[in-house]
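This is what each chain is made of:
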Amino acid sequence: MNPGAVYTLERGAEVLGTLTVTDAGPFAVDATFEPTPAFDTYRVLFDEDARYAHLIAQDDDPALLEQAGAIQESLLALNLVLRGDVNTGYRTFLISIEGGSASFRPLTPEEEPL
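Since the model is a prediction, treat every value here as computed from it, not as a measurement.

## A look at the overall build of the chain
- When its secondary structure is counted, the chain shows two helices and eight strands.
- Along the chain direction, N to C, the helices and strands of the chain fall in the order β-β-β-α-α-β-β-β-β-β.
- Whereas a compact globule of 114 residues would reach a radius of gyration of roughly 13 Å, the chain reaches 14 Å, a difference of no more than 12%.
- For the chain, the spread of C-alpha atoms along the principal axes amounts to about 45 × 30 × 25 Å.
- By residue count, 29% of the 114 residues in the chain fall in the buried class.
- A separation of at least 24 residues holds for 42% of the contacts in the chain among residues at least 6 apart in sequence.
- Just so you have it, the chain exposes about 6,600 Å², and 53% of that area is on carbon and sulfur atoms.

## Here we look at the packing of aromatic side chains
- Applying the stated criterion to the full structure yields five aromatic pairs.
- Site record: aromatic cluster; members linked through ring pairs are Y7, Y90 and F104.

## A look at helix α2 (residues 62-77)
- Taking 1.5 Å of rise per residue, the 16 residues of α2 would be expected to cover 22 Å, and the 22 Å separating its terminal C-alpha atoms lies within 8% of that figure.
- Of the residues making up α2, those classed as buried are L64, A68, I71 and L75. Projected down its long axis, α2 carries its buried residues within an arc of 60°, all on one side. Turned more than 90 degrees off the buried face of α2, the exposed positions are P62, E66, E73 and A77.
- Summarising the contacts, the buried residues of α2 are in contact with α1 (43-58) and β6 (93-98).
- Taking the backbone nitrogen of A63 as reference, a side-chain oxygen 2.9 Å away marks D61 as the first, capping residue of α2.
- Looking one or two residues past α2, N79 carries a phi angle of roughly 55°, positive in sign.

## What about the pattern of salt bridges?
- Considering all chains together, one arrives at three salt bridges under this definition.
- Of the charged contacts, one joins R83 and E10 as a salt bridge, the two residues approaching to 2.9 Å between their closest N and O atoms. Remark: E10 occurs in strand β1 (residues 6-11) and R83 occurs in strand β4 (residues 81-83); sequence separation between them is 73 residues.
- Accessibility expressed as a relative area gives 10% for E10, which makes it buried.
- The salt bridge involving R91 is made with E112; its shortest N-O contact spans 3.4 Å. Here the residue R91 occupies a position in the loop between β5 (88-90) and β6, and E112 occupies one in strand β8 (residues 112-113), the gap between them amounting to 21 residues.

## Quick word on the side chain of E10
- Here T8 takes part through its side chain, which lies 2.7 Å from a polar atom of the side chain of E10.
- When neighbours within four sequence positions are excluded, E10 is seen to be in contact with V15, L16, N79, L80, V81 and R83.

## Looking at the nonpolar core
- Membership of the largest hydrophobic core comes to 21 residues, with the highest contact counts inside it found for L9, L19, F46, L82, I95, I97 and F104.
- The set of elements that each furnish at least two residues to this core consists of β1, β2 (14-24), β3 (29-35), β6 and β7 (101-106).
- When neighbours within four sequence positions are excluded, F104 is seen to be in contact with M1, Y7, L19, A28, V29, L82, Y90, L94 and I95.

## Some thoughts on a nonpolar patch on the surface
- Among the surface-exposed residues, L76, L94 and L107 lie close enough to one another that they form a single nonpolar patch of about 220 Å² accessible area.
- Residue placement: L107 occurs in the loop between β7 and β8.
- Given a relative accessible area of 47%, L107 falls into the partly exposed group.

Rules used throughout
Residues numbered from 1 in each chain as written. Predicted model: local features only at pLDDT ≥ 70, side-chain atom pairs only at ≥ 80, totals over all residues. Heavy atoms only, no water. Helix = DSSP H or I, 4+ residues; strand = E, 2+ residues; numbered from the N terminus. Rg over C-alpha atoms; globule rule 2.2 N^0.38 Å. Buried < 20%, exposed > 50% of the residue type's maximum accessible area, 1.4 Å probe, protein only. Contact = heavy atoms within 4.5 Å. Areas by Shrake-Rupley, 256 points an atom, 1.4 Å probe, with all protein chains shown as cover. Phe/Tyr/Trp six-rings, centres within 6.5 Å; stacked < 30°, edge-to-face > 60°. Expected span 1.5 Å × (residues − 1). Arc of directions from axis to C-beta. Polar contact = N/O pair within 3.5 Å; in protein donor to acceptor, adjacent residues only side chain to side chain. Salt bridge = Lys/Arg side-chain N within 4 Å of Asp/Glu carboxyl O. Core = buried A, V, L, I, M, F, W, Y, C linked by side-chain atoms within 4.5 Å. Patch = residues over 30% accessible without salt bridge, like charges linked within 9 Å, V, L, I, M, F, W, Y side chains within 5 Å.

Below, the structure is given as structure tokens:
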């Protein structure tokens, strides 16, 4: 994945925002994030995910880990799609959005047709 690659974050027919890749490491892809108005519906869930990510970085309390896992499951249950510019992308991935920054980790090694 190259810096500058652009993906749209979608839920069904809704485009929630645009991610532009800034760096791709072995475990995660970093990107800028430009939300659309449709993202507002999901902003609270992403904000909570970011809050718990910061909490568990400082405290490995099992209750915090369990709550963070539940939030990730809620995000996965949204069935979000990251669509690239040639109608390929990812259906299964972990994603974190905090303000104008995002990072994601595809759970499949290659993009798939969407």
